[in-house]
Number of protein chains: 2
Amino acid sequence: MTEPLPPFPVPGEHDPSQDPDGLLDLFPASGVTGITGITGITGEQPRLRADAARNRTRLLEVAARLAEECGAAKLTMEGVASAAQVGKGTVFRRFGDRTGLLLALLDHHERELQAAFLSGPPPLGPDAPPADRLRAFGTAVLRHEHAHRDLYLAAARAAARADAVRRHASPPTLLRLSHLGMLLRRAGVRGDVELLAQTLLGSLDITLVDHLVTRRGMTLERLEAGWNDLVGRVAGPQG
Amino acid sequence: MTEPLPPFPVPGEHDPSQDPDGLLDLFPASGVTGITGITGITGEQPRLRADAARNRTRLLEVAARLAEECGAAKLTMEGVASAAQVGKGTVFRRFGDRTGLLLALLDHHERELQAAFLSGPPPLGPDAPPADRLRAFGTAVLRHEHAHRDLYLAAARAAARADAVRRHASPPTLLRLSHLGMLLRRAGVRGDVELLAQTLLGSLDITLVDHLVTRRGMTLERLEAGWNDLVGRVAGPQG
DNA sequence: CGGCCAACCGGACCGGGGTCCGTTTCCCTG
DNA sequence: CAGGGAAACGGACCCCGGTCCGGTTGGCCG
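### Observations concerning unusual backbone geometry
Residues and elements named next belong to chain A.
- Across the junction of proline 122 and proline 123, the peptide omega takes the value 5°, indicating a cis bond.
- The phi dihedral of glutamine 85 falls on the positive side, at around 60°, and the residue is not glycine.
- Among the secondary structure elements, glutamine 85 is positioned in the loop between helix 2 (77–83) and helix 3 (88–95).
- Relative accessible area serves as the criterion here: at 70%, glutamine 85 is assigned to the exposed category.

### Brief notes about the protein's contact with DNA strand C
- The local shell around DNA strand C holds 23 residues, among which Ala50 and Lys88 of chain A together with Asn55, Gly87 and Thr90 of chain B are the closest.
- A share of 59% of the atoms of DNA strand C within 4 Å of the protein falls on sugar and phosphate groups.
- Between arginine 49 of chain A and DNA strand C, the recorded distance is 3.0 Å, taken from a side-chain N or O atom to a base oxygen.
- Take alanine 50 of chain A: an N or O atom from its main chain is 2.7 Å from a phosphate oxygen of DNA strand C.
- Mapped by element, the contributors of at least two residues to the surface near DNA strand C are helix 1 (50–70) and helix 3 of chain A together with helix 1 (50–70) and helix 3 (88–95) of chain B.
- With five residues, helix 3 of chain B is the single largest residue contributor to the surface near DNA strand C.
- Of the residues contributing to the surface near DNA strand C, the split by class is seven nonpolar, six polar and ten charged.

### Describing the nonpolar core
- Core analysis: the largest hydrophobic core is formed by 75 residues, its most contacted members being Phe137 and Leu184 of chain A together with Phe137, Leu184 and Leu223 of chain B.
- Contact partners of leucine 184 of chain A, with chain neighbours within four places excluded, come to Leu134, Val189, Val193, Leu196, Ala197, Leu200 and Ala235 of chain A.

### Focus: the protein's contact with DNA strand D
- With respect to spatial proximity, 22 residues lie near DNA strand D, and among them Arg49, Asn55 and Gly87 of chain A together with Ala50 and Lys88 of chain B are the closest.
- The protein-proximal atoms of DNA strand D, defined as those within 4 Å of the protein, are 59% sugar or phosphate.
- Contact distances for DNA strand D include 2.8 Å between a phosphate oxygen and a backbone N or O atom of alanine 50 of chain B.
- At 3.0 Å from a phosphate oxygen of DNA strand D is found a main-chain nitrogen or oxygen belonging to methionine 77 of chain B.
- Elements supplying a minimum of two residues to the surface near DNA strand D: helix 1 and helix 3 of chain A together with helix 1 and helix 3 of chain B.

### Things to note about the packing of aromatic side chains
All names here are of chain A.
- Tallying each qualifying case throughout the model produces two aromatic pairs over all chains.
- Consider the rings of phenylalanine 117 and phenylalanine 137, whose centres lie 5.2 Å apart with planes at 75°: the pair is edge-to-face. Taken together, the residues phenylalanine 117 in helix 4 (residues 98–119) and phenylalanine 137 in helix 5 (residues 130–147) connect sequence positions 20 residues apart. Each member of the pair phenylalanine 117 and phenylalanine 137 is classed as buried.

### Section: the relation of the copies chain A and chain B
- When chain A is fitted to chain B, the best match, at an RMSD of 0.1 Å, comes from turning it 180° and sliding it 0.0 Å along the axis. As the rotation angle and translation indicate, the two copies are arranged about a two-fold axis.
- Interface overlap between copies is the fraction of interface residues in one copy that are interface residues in the other; for chain A against chain B it reaches 100%, indicating a shared surface.

### Things to note about the side chain of arginine 233 of chain B
- Tracing the chain through its elements places arginine 233 of chain B in helix 11 (residues 220–235).
- Of note is the side chain of arginine 233 of chain B, whose polar atom sits 2.4 Å from the backbone oxygen of arginine 190 of chain A.

### Observations concerning the packing of helix 4 (residues 98–119) of chain B against helix 8 (residues 171–186) of chain B
Residue and element names in this part refer to chain B.
- In the contact formed by helix 4 and helix 8, the axes pass within 12 Å of each other and the chain directions differ by 15°. It follows from the interaxial angle that helix 4 and helix 8 lie roughly parallel. Of the two possible hands of crossing, helix 4 and helix 8 adopt the one that is left-handed. Between helix 4 and helix 8, the contacting residues are Glu110, Leu113, Gln114, Phe117 and Leu118 on the first element and Pro172, Leu175, Arg176 and His179 on the second.
- When its residues are assigned to classes, the contact of helix 4 with helix 8 shows five nonpolar, two polar and two charged.

### Considering helix 3 of chain A
All names here are of chain A.
- Listing the buried residues of helix 3 in full gives Val91, Arg94 and Phe95. On an axial view of helix 3, the arc spanned by its buried residues comes to 75°, and they lie on one face.
- For helix 3, the elements touching its buried residues are helix 1, helix 2 and helix 4.
- Once helix 3 ends, the next one or two residues include glycine 96, with phi positive near 80°.

Criteria and thresholds
- Residues numbered from 1 in each chain as written.
- Chains lettered and ligands numbered in written order.
- Predicted model: local features only at pLDDT ≥ 70, side-chain atom pairs only at ≥ 80, totals over all residues.
- Heavy atoms only, no water.
- Helix = DSSP H or I, 4+ residues; strand = E, 2+ residues; numbered from the N terminus.
- Buried < 20%, exposed > 50% of the residue type's maximum accessible area, 1.4 Å probe, protein only.
- Near = heavy atom within 4 Å.
- Polar contact = N/O pair within 3.5 Å; in protein donor to acceptor, adjacent residues only side chain to side chain.
- Nonpolar A, V, L, I, M, F, W, Y, C, P; charged D, E, K, R; others polar.
- Core = buried A, V, L, I, M, F, W, Y, C linked by side-chain atoms within 4.5 Å.
- Contact = heavy atoms within 4.5 Å.
- Phe/Tyr/Trp six-rings, centres within 6.5 Å; stacked < 30°, edge-to-face > 60°.
- Least-squares fit on C-alpha atoms with pLDDT ≥ 70 in both.
- Axes fitted to C-alpha atoms, helices over the stretch in contact; angles between N-to-C directions.
- Parallel < 35°, antiparallel > 145°, perpendicular 65-115°, else oblique.
- Left-handed = near helix turned anticlockwise from the far one by under 90°.
- Arc of directions from axis to C-beta.

Written out as structure tokens, the structure is:
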């Protein structure tokens, strides 16, 4: 599943049709996306041996099926391993840890969202004024993560237990941060844009959103309105 | 450790010297603070048997010492149990889970902070205009959690793995949210105050702050300035 | 004082994440 | 095609959080 790779631009040569905002230049060729299975932005990994590649896709298929059937929260490494008829060690070798597996499962969805705000139609994509894109970005993220909340939630929880790096500095997060920062700057916002981006992105945090929706009974519409209001206050009047 | 209980007002009768903002009325007598060991706001728990109480304090002492020596991250339930010469089951019976133990260890610190913004001197306490208190609140939380970040971080991570309730709806968090909401309203902010409070509090999240400081090299001063800027944008010009 | 029961205690047990290392497989090179 | 070494495999193993239940103890009541 989710293996076919839509060609992503290689940093260095700038393809305006795919990356009109020049955002991808922020990501050095190797680093950032090196986490197992996340090749959504730049290059590939070193190339797997045939059996390894075969196992990898089989593991992803099995994992996706199990997640579908029992919920991502109940996905266990051992369960995936035995269902795929491989040893537990193989799963860990391939994905590093449970977080890595979940992130790999999210890879496909993540690319969809990325494509939408990197090169999709307005108001999310490049052909719209930054303030509009800012608003659209929030609602897009809210809806996207809500649509796939099982996986996103499981991944967030798994990442939280370990180092915060996986949670606050995963490639998708970094890309979103850069994107937000770019939009804020273009919208004429002055001040500590980097920090502002962090704050804004924090308000879209899946665990928070889920809590507000599930436990506090807030509707997605209310959260979207809240985002628009927030953007208005932050990027609105004075800049 | 941390057992002596500074008398907290009982909801129903309103003691303006301790709760000038009337915030505590939001918390029903029993519920909210019922988590083991967190008696920081309202009443006590049902009263423990003598041996249980003895064990409880001993466990807290031992846990505090171990956390001091090896870092809260390395605190294990079994380690605490054996160091305190009791069975593992006893620790779980008393504190529910690891999160509960860590929260109990934080109880004392948490009361200090609460006292400061509930009834302390200005600009944090009641004798200051809401906008000033808003600013002071952020910097106070930032400094407070940073000062005790080992424990706060460990607690946050432990809470994250389980239900998000412990993370987004623990008694301390609820109190902070109410406080922020109250201040925002008094500062004349219109709109979805509850959601705004969530967003603002989110920007002070210990795991995020720690990541920004540790990994991204931001200084606490920068974060404090960011908070002040954010408050200005949110509560500043129009309301 | 004695008995009774709820509360408490302890530690065996389980499940799941993560590690390790001896064995097997692939693939490149000669 | 054969050989060798790097990569991958598998599953036993460890650790830790959390559960369970048979045995014990404290404190109240008759």
